[in-house]
Amino acid sequence: MTIGGRVILEDINLHVHCGELTAIVGPNGAGKTTLFRAMLGELPHTGERHFMQRDWATEFRAPRIGYVPQRLDLDREAPVTTLDLFAAATSRRPVWTGVGARARAEAQRSLAVVAADHLVDRPLGRLSGGELQRVLLALALQPLPDLLLLDEPVAGIDPAGIDAFYRMVSDLRRRHDLSILLISHDLPAAARVADRMIHLNRRVLHDGPPANVLADPDVRRAFGTAPAAEPRPEAAP
Amino acid sequence: MIAWHELIGRLPFEWAHYAFMRNALLAVLLLAPLYAALGGMVVNRRMAFFSEAIGHSALTGVAIGTLAGLADPLGAMLPFAALLAGGISWIRRHSSVPSDSVIGLVMAFTMSLGVVILSRGGSFARYAAYLVGDILTLAPRDLALLAALLPAVGILWAGWYNRFLLAGLNPPLAVSRGLRVGALDTAFSVVVALVVTLSIRWVGLLVVNALLILPAAAARNLARRASAYLVWALAISGASGVLGLVTSYYANTAAGATIVLFAMAFFALTLAARRP
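In this report, we go over the structure that sits alongside the text. This one's a predicted model, so the numbers in the text were calculated from it and none came from an experiment.

### Quick notes on the overall build of chain B
Of the regular secondary structure elements, chain B holds twelve helices and zero strands. Counting from the amino terminus, helix and strand elements in chain B follow one another as α-α-α-α-α-α-α-α-α-α-α-α. Relative to the 2.2 N^0.38 estimate, which gives 19 Å for 276 residues, the radius of gyration of chain B is 19 Å and therefore close to what a compact globule would have. Each principal axis of the C-alpha distribution contributes one length, and for chain B these read about 55 × 55 × 35 Å. When burial is assessed residue by residue, chain B has 53% of its 276 residues classed as buried. Carbon and sulfur atoms make up 70% of the accessible area of chain B, which totals about 11800 Å². Across chain B, the mean location of the 18 positive side-chain charges is 14 Å away from that of the 8 negative side-chain charges.

Structure (structure tokens):
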């Protein structure tokens, strides 16, 4: 695909399997976020998307994609609460008329999955980075997607929050057999949760188990990472 | 309409005896909810500069109407504003030039073009009313137009408010939920352009944007949820409209600018009362 006459991504061919967590790594400007936006259909591209369903009996439908954006840059004064966000995304009733009891209960149920039900009435601008990511994750899971896209979900979150977030994601994946694509700059953390790692820089440079990709001399040169086998020191409590 | 004039005519105020003031009051009360609803979303989406530019570009709309020999330039102003809004929305999405540069450029061009055309032969003074507005020139036909616009925006707000909100918060997130962000942006831009352009003759293009932005900005100081946001904006927009209009009658000043001063006072008050 090209933007403004410049080739951003070419020859990308990904097979994503059910229940697989794939980490996408690459330098800034490698086209990681662009790939997501193309998959969502927001940017024009020449690619194709094939969705193979497990159950041949069900009728064909487009895959449902859940998306957790890179970072919701909100001004802190925005008069929009977590509940407003949920209701705006999932219900028909315009949120300026208020939010009904059923939509509220539904939002709370969704938020409880990521331990964020207490944040339901909090304005979005008053959520911490980690809280906002959990809220956005809960929203991406409502309704349950076939494919979940996480774009730098832990950027700017403290180490304990990162661990909690990834534990939550792993747990959800097991429970719902979700396919997940994860963009991350934190290679060791991504390697710990992912089944598969893709090194992307305008095209797929490496694709395989995280340990193999991280061990590759090119990748180590590009990122300056320690060998994958070395355990990361635990975050201070 | 007759009932309105009877009702207001009974008020024990001097201004209430005049039909033009009763018309103006009705117009202010019809415009207030339009400004409150649209202004809230304009502030959320950070489009204040866009609506300012649409207001200033109206001079070119007036010029086109004059060149075309229209008795009422509004027939040219509205289509021109709608086209311009759609164009800016398109450029914003398809160009890598920062959107404020695009808007600034378009504003400078359309304002200059309008002034050049309207000032041919040194007669620009005739068009000064577009700058500061004259709410007393309101005709019953204008009121009918406003009365039709209010339910139209109401229907739009009932059906599409959630989409506008989501698309404004994060476009890719809105796309992932099946919304057509580009079309939404264009639709919203065009509606704002129409309301701004329609009200220019009464409130003046110099201050029309303040009427859109100030009540919403003041409401933000008080509201924490979307529903309260609209209620506060409505209250502040309506109160400053009525207070400004009546004050302008006694002080013999331009109504639009007087209303803006009241809206500004409300903004200052809410800023002081803001919850930490």
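### As for the pairing of strand β8 (residues 204–208) of chain A
Residue and element names in this part refer to chain A. Pairing of strand β7 (residues 196–200) with β8 involves four bridges; the strand directions are antiparallel. In the strand pairing of β8, M197 is matched with G208. What sits between β7 and β8 in their antiparallel hairpin is a turn of three residues, with R202 showing a positive phi close to 70 degrees.

### Looking at helix α1 (residues 32–40) of chain A
All names here are of chain A. For α1, a buried count of seven out of nine residues is recorded, marking the element as mostly surrounded by other parts of the structure. Three or more residues of α1 are buried, namely K32, T34, L35, F36, A38, M39 and L40. Among the residues trailing α1, G41 stands out with phi positive, at a value near 90 degrees.

### Some remarks on the pattern of salt bridges
Tallied over the full model, the rule gives 13 salt bridges over all chains. Between A:E131 and A:R122 there is a salt bridge; the shortest N-O distance is 3.6 Å. Exposure remark for A:R122: the relative accessible area of 29% places this residue in the partly exposed category. In this structure, A:D171 and A:R175 form a salt bridge, with 2.8 Å as the shortest nitrogen-oxygen distance. Of the two residues, A:D171 and A:R175 are both situated in helix α5 (residues 159–176); the distance of four residues between them amounts to about one turn of the helix. Sharing partners across several salt bridges, the network here consists of B:D72, B:R141, B:D142 and B:R201.

Cut-offs used in this document
- Residues numbered from 1 in each chain as written.
- Chains lettered and ligands numbered in written order.
- Predicted model: local features only at pLDDT ≥ 70, side-chain atom pairs only at ≥ 80, totals over all residues.
- Heavy atoms only, no water.
- Helix = DSSP H or I, 4+ residues; strand = E, 2+ residues; numbered from the N terminus.
- Rg over C-alpha atoms; globule rule 2.2 N^0.38 Å.
- Buried < 20%, exposed > 50% of the residue type's maximum accessible area, 1.4 Å probe, protein only.
- Areas by Shrake-Rupley, 256 points an atom, 1.4 Å probe, with all protein chains shown as cover.
- Lys, Arg positive; Asp, Glu negative; His and termini not counted.
- Charge placed at Lys NZ, Arg CZ, Asp CG, Glu CD.
- Pairing = 2+ DSSP bridges.
- Salt bridge = Lys/Arg side-chain N within 4 Å of Asp/Glu carboxyl O.

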